[in-house]
Every structure is written in structure tokens, then in C-alpha cells.
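# A look at the structure
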Amino acid sequence: MADHPLAGEHHPSPASSAATALGPLLLLPSELLHEILLRLAVPELLRVRSVARPLSSLISSPDFRRLYHLSSASSGPGPAAAWLLLFKKLPPRDAAIRGFHGPSGRWFRIPVSAILAPAVPPGEDLYFLAASGSSFLFAANGRRELVVVDLTARAARRLPPSPLGPRGTSSWRRFGLKLVADSPGSNRFRFLFAELVNNTPFLLEYRSGTDTWQQSEAVLAEGTSPASPDGTYLCAAHAGPDCVMVYSGPGADDRPVFFRPRFPNAAGAGGHGDRLHVYGDGSAAVVRSAAVDDPTSRTRVKVVTGVELYGFAAVGGDWELVASVPGELVEGFRKPYAVMTGLLAEREGVVRLVLISNCRGAWDLVWLSYDRARGGEWRWVPVPDWGSSKGLNMAGIAVSSTFSRLWPLAAPASSSCGGRQ
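Residues numbered from 1 in each chain as written. Predicted model: local features only at pLDDT ≥ 70, side-chain atom pairs only at ≥ 80, totals over all residues. Heavy atoms only, no water.

## Thoughts on the overall build of the chain
Here is the rule: Numbering of helices and strands runs from the N terminus, with a helix taken as a DSSP run of H or I at least four residues long and a strand as a DSSP run of E at least two residues long. Burial here depends on accessible area, computed with a 1.4 Å probe over protein chains only, as a share of the maximum for the residue type. Under 20% is buried, over 50% is exposed, and the range in between is partly exposed. Note on contacts: a residue pair qualifies if any of its non-hydrogen atoms lie within 4.5 Å across the two residues. Per-residue and other accessible areas were derived by the Shrake-Rupley procedure at a 1.4 Å probe size, with only the shown protein chains allowed to occlude residues.
Along the chain, the regular secondary structure elements total nine helices and 25 strands. By residue count, 52% of the 421 residues in the chain fall in the buried class. The long-range share in the chain, meaning contacts at least 24 apart out of those at least 6 apart in sequence, stands at 54%. With the model as given, the accessible surface of the chain reaches about 18800 Å², and the carbon-plus-sulfur share is 52%.

What follows is the structure in C-alpha cells.
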């Protein structure tokens, strides 16, 4: 499936032709026009705003921005907030992030090569770590440092070294880090990660507002595990079902604590080979698989047989089963694979699980969501092929529920939203 360009890339169609084509749309009642625009993805809104002057003032108005944010923060018929973001290793001049928008079922191309160029030397090996709001965080393996891209400012800069010193891409564990953007209208962010240092859990936090790091030693939690929804959970270490969780409270002076939650016997039993454990935002997913014979390649492969979601128990602080993915959904994405990894994130009561697998050089993505507010409803979002999954050199994947904050802050149409570059 071909990528749809994000506004900011050159499009050969003249703006006047696009505006003419939108003529009938402008005759619709305002309520219906709002409903249509609220269902568009961020890149589509940017494109419409750049080529249709009559709609530019409507889309840029504070009232529409507020409605769009409310719609994108829900899991209803609107943009459904979350984006699946994928970075591919390409020559520096072609570096781009592919963004999949679930409700529209399409991939968008987000160019970042020109933004990265001033901060990243040619030939640098980049890995995509996380995204939040308009901030995209990369790890540079050669220079062993972090680079952040601000899409709204179209700028990139290197972060100062963390208290643990220079780190290569393999040192950044996905389950132990989190990027948190400030409120809409601000380009500030916090980056947190948890790490075991001499077998002691530490929380490290970078604040872009002060361009400084803070390091705190976590203390053992007393009694039950923390349960505040406003805090941050990070996995400092894990080996199969065994993990060390670090919790950072919402207060600036809250000292981080750590605990070692245990799974029920059924989830933790057995070898690590038939169970994948994925951690994120205070939840854990256990993916069960079975080995089968693949008649095509005449080799042994694995297939997913079940997926379970766990949360912290109110008493004791151990993991307890929240829900299992229905068998009919599992059958829908039951494909052979050789290796698999995953990521887990939660926002506004919606847990999102992405499973990335590879079989004979071809990648496959499975995107599941669990909506607590809707009585524990599971959804499977089919992710179409992005055109070159065979032999893809994937260099990082993330889920962002705040990407919709980008468009109100984007540059004017004359400079980056559909104009020549």
C-alpha cells in the first residue's frame, strides 16, 4: 500500500484545482461540515487547510481545535487518538517516519530528513525510541546520544548526556522509557527511563524546559503497589515473567518507588519460548504461542494461540488477569512467525498492544486495543502492508496518542503546508 504524503511535502496538484474540487463541500450546512472535518486525520486536515482558503479559518479556529482534540482523545468515530509510527533505516536524505492512522486505514509519510540534517552527521545510525505530541525521540548509535525532533518547529537538537553517560541504541529498553509532552500549545516534554545500576533501580528524568537531567534512586514500595493513574510506571528490568517495576508519582517531589509484581502460576509457568511478556503504563500482556510445522518452508514456526492483559491487583500488588482477547479475534491475526516483540501503552482508559513479528524476512504488525470505558471491549485494527515490508530494516516503532496536537501548531500554508520546499 502506498504512503499518503503528510502536508509539508510537495504535491504537483495546484491549490486552485483542489479548492475548485472542494466547492460542493463548502455549500454544506456548518454542522455537517464540522462532522466531516472531525473525521479527517491530521495530515488530511493540514492538506485541506493549505489548499482551501475558505476552510482555513474554520480549521484554525479555537472552537474547532477544541472539538478536534476532544474527538481525538476518545475512541469513538473520530480520529481515535492513537497513531502507529514506524521508522525505516534509509539513506539520510530519505529518512521518514511512516504513520498509520487506524480510522482511515492508511499510512502517511512524515519526512524528517531535512529536520535531522543539522543535528545528525551523515552516516549516523539512528533508532526511533518514542513519540509524544510533536516531539520524536531518536538514539544515535555512533555518537551514543539522544536527538529530539520537533515537528512543529521543524528543528532537531541533541540532548545532553544522561547521568549514566553515553549509551548506544541497544541500551535503551522500550519497556523502561516514556516520552511525555506538555499540554497543547507547548513544545516542552519530559523523558523518563528506569534502569538497574549495581542492582539498584534508578529513575532518570530529562526536562526540556531546563535542558537538565535528574537522577533518583527508587526505594522499595511498602504494602501494595502504587495505583495513581497520574503517575508513570516503567519496567527497570525483566526476564520473562520476572520484572522490576518503578513508579514515579505526579508530584515533582515524589520519590520513585519500585516493586516486583508476580504473575499467577498459569501466566508465569513454562519456558520463556512459548510466552512473550510485554510491559507498559502499568499493564502487562502475555502472548501465548505454539510451535507448528510450516508446509511452505518445511520448518518449524510459531503461531499465536492467546493474548492476556494483566493489571495490578488492589491487594498485594501482584499481576492479576484483566481480560483475554476473544478467540475469534486471535484467529483473525493468527499467522506464522519466527520472532516477535511488542509494545504496550495506555491513555484515556484505552490500552493499545502492538505485536511486531517476522517470518522469513517479512514483517507483520498486529494492533489490538482494549477499552475499559466500554465494558472491556477488544478491537483488532487491521494494519495493511506499507509497500515494502519484505526485507524491511525496521529501526523503531512507537504508538502516540497525542499526535493530533501537531496540526494546530503547524507552520502557515505558505511555508510548509503544501507549499514548495
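Having put the structure on the table, let's press on.
## A word on the nonpolar core
Basically, it comes down to this: Residues belong to one nonpolar core when they are buried, are Ala, Val, Leu, Ile, Met, Phe, Trp, Tyr or Cys, and are joined through side-chain atoms within 4.5 Å.
In terms of nonpolar packing, the biggest core is built from 37 residues, with Met-245, Tyr-279, Val-304, Trp-319, Leu-353 and Trp-378 touching the most fellow members. When residues of this core are assigned to their parent elements, the largest contribution, five residues, is made by strand S19 (residues 299-312). Excluding residues within four positions of it along the chain, Leu-353 makes contact with Val-278, Ala-285, Val-307, Leu-343, Leu-344, Val-366, Trp-367 and Leu-368. By size, the runner-up hydrophobic cluster in this structure holds 36 residues, among which are Leu-33, Leu-37, Leu-116 and Val-149.

## A few points about the confidence of the model for the chain
Counted only if it meets this: What pLDDT reports is the predictor's confidence in each residue, on a scale of 0 through 100.
Across the chain, pLDDT averages 79, with 77% of residues at or above 70. Averaged pLDDT values for the elements of the chain fall to 50 in helix H1 (residues 15-21) and rise to 96 in strand S11 (residues 200-207). Low confidence marks residues 7-19, where pLDDT is under 50. Its contacts with residues over four positions away, or in another chain, come to 22 contacts. Contacts from residues 407-421, a stretch scored under 50 in pLDDT, to residues over four places away or in other chains number 38 contacts.

## Some details on the sheet that holds strand S23 (residues 362-371)
For clarity, the cut-off: Paired strands are those between which DSSP finds at least two bridges. A fitted line through C-alpha atoms represents every axis, and for helices the fit uses only the stretch in contact; the resulting angles, taken between N-to-C directions, go from 0 to 180 degrees.
Within the open sheet, the four strands sit side by side as S21-S22-S23-S24. Their pairing is antiparallel. Two strands in the sheet have a free side with no partner beyond their single neighbour: strand S21 (339-347) and strand S24 (377-381). Adjacent strand axes in the sheet meet at a mean angle of 20°, parallel and antiparallel pairs treated alike. Judged from the nine bridges that link them, S21 and strand S22 (residues 350-359) form a sheet pairing that is antiparallel. Counterpart to Val-339 in the pairing with S22 is Asn-358.

## Some words on the packing of aromatic side chains
Cut-off, in case you're wondering: Pairing of aromatic rings covers Phe, Tyr and Trp, the last counted by its six-membered ring, and requires centre-to-centre distances within 6.5 Å; plane angles under 30 degrees mean stacked, over 60 mean edge-to-face, and any other angle means tilted.
Scanning the model with the defined rule gives 25 aromatic pairs in all. On the numbers, 4.9 Å between centres and 75° between planes, the contact of Trp-172 with Phe-193 is edge-to-face. Taken as a pair, Trp-172 in the loop between strand S8 (155-158) and strand S9 (177-181) and Phe-193 in strand S10 (residues 189-197) lie far apart in primary sequence, 21 residues in all. The exposure classification of Trp-172 matches that of Phe-193, with both residues buried.

## Notes on the sheet that holds strand S13 (residues 219-220)
One open sheet holds the four strands; their spatial order is S13-S16-S15-S14, and the pairing between them is mixed. Edge positions in the open sheet fall to S13 and strand S14 (232-239), since each of these has one partner strand only. For S13 and strand S16 (residues 257-259), the ladder comprises two bridges, and the chain directions are parallel. Directly across from Val-219, in S16, lies its bridge partner Val-257.

## As for the state of the cysteines
Where we set the bar: Two cysteine sulfurs form a disulfide in these notes if their separation is within 2.5 Å.
Within this structure, the stated rule accounts for zero disulfides. Left unpaired, Cys-235 is separated from the closest cysteine sulfur, that of Cys-243, by 5.1 Å.

## Quick notes on helix H3 (residues 30-38)
Our working definition: Regarding the arc, it is the one traced by the directions from the helix axis to the C-beta atoms.
All of the buried residues along H3 are Leu-33, Leu-37 and Leu-38. Buried residues of H3, seen end-on, are gathered within an arc of 130° and therefore sit on one face of the element.

## So, the pairing of strand S2 (residues 83-88)
Judged by how many residues are buried, S2 sits mostly within the fold: six of six residues are covered. On S2, burial covers both faces: Trp-83, Leu-85 and Phe-87 on one face and Leu-84, Leu-86 and Lys-88 on the other are all buried. As judged from the five bridges shared by S2 and strand S3 (residues 96-101), these two strands associate in the antiparallel manner. Pairing of Leu-84 across the sheet is with Phe-100, part of S3. Direction of pairing for S2 relative to strand S25 (residues 394-400): antiparallel, over a ladder of five bridges. Its bridge partner lying in S25, Leu-85 is registered against Ala-398.

## Here's the deal with unusual backbone geometry
Look at Asp-281: it is not a glycine, yet its phi comes out positive at around 50°. Backbone geometry places Arg-360, a non-glycine residue, at a positive phi of 55°. Turning to its location among the elements, Arg-360 is positioned in the loop between S22 and S23. Here Arg-360 falls in the partly exposed class, since its relative accessible area comes to 45%.

## Remarks on the side chain of Thr-232
As for its position among the elements, Thr-232 is in strand S14. With near-sequence residues (within four places) excluded, Thr-232 lies in contact with Lys-178, Val-246, Tyr-247 and Ser-248.

## Some words on the environment of Ala-95
Along the chain, Ala-95 turns up in the loop between S2 and S3. Between the C-alpha atom of Ala-95 and that of Leu-126, which follows or precedes it by 31 residues, the distance is 9.8 Å. Leave out the neighbours within four places in its chain, and Ala-95 touches Phe-87, Pro-111, Val-112 and Ser-113.

## Observations concerning the environment of Val-330
Relative to the elements of secondary structure, Val-330 occurs in helix H9 (residues 327-332). For the pair Val-330 and Val-304, spaced 26 residues apart in the sequence, the C-alpha separation amounts to 7.3 Å. Not counting residues within four places of it along the chain, the set of residues in contact with Val-330 comprises Val-304, Thr-305, Gly-306 and Val-325.

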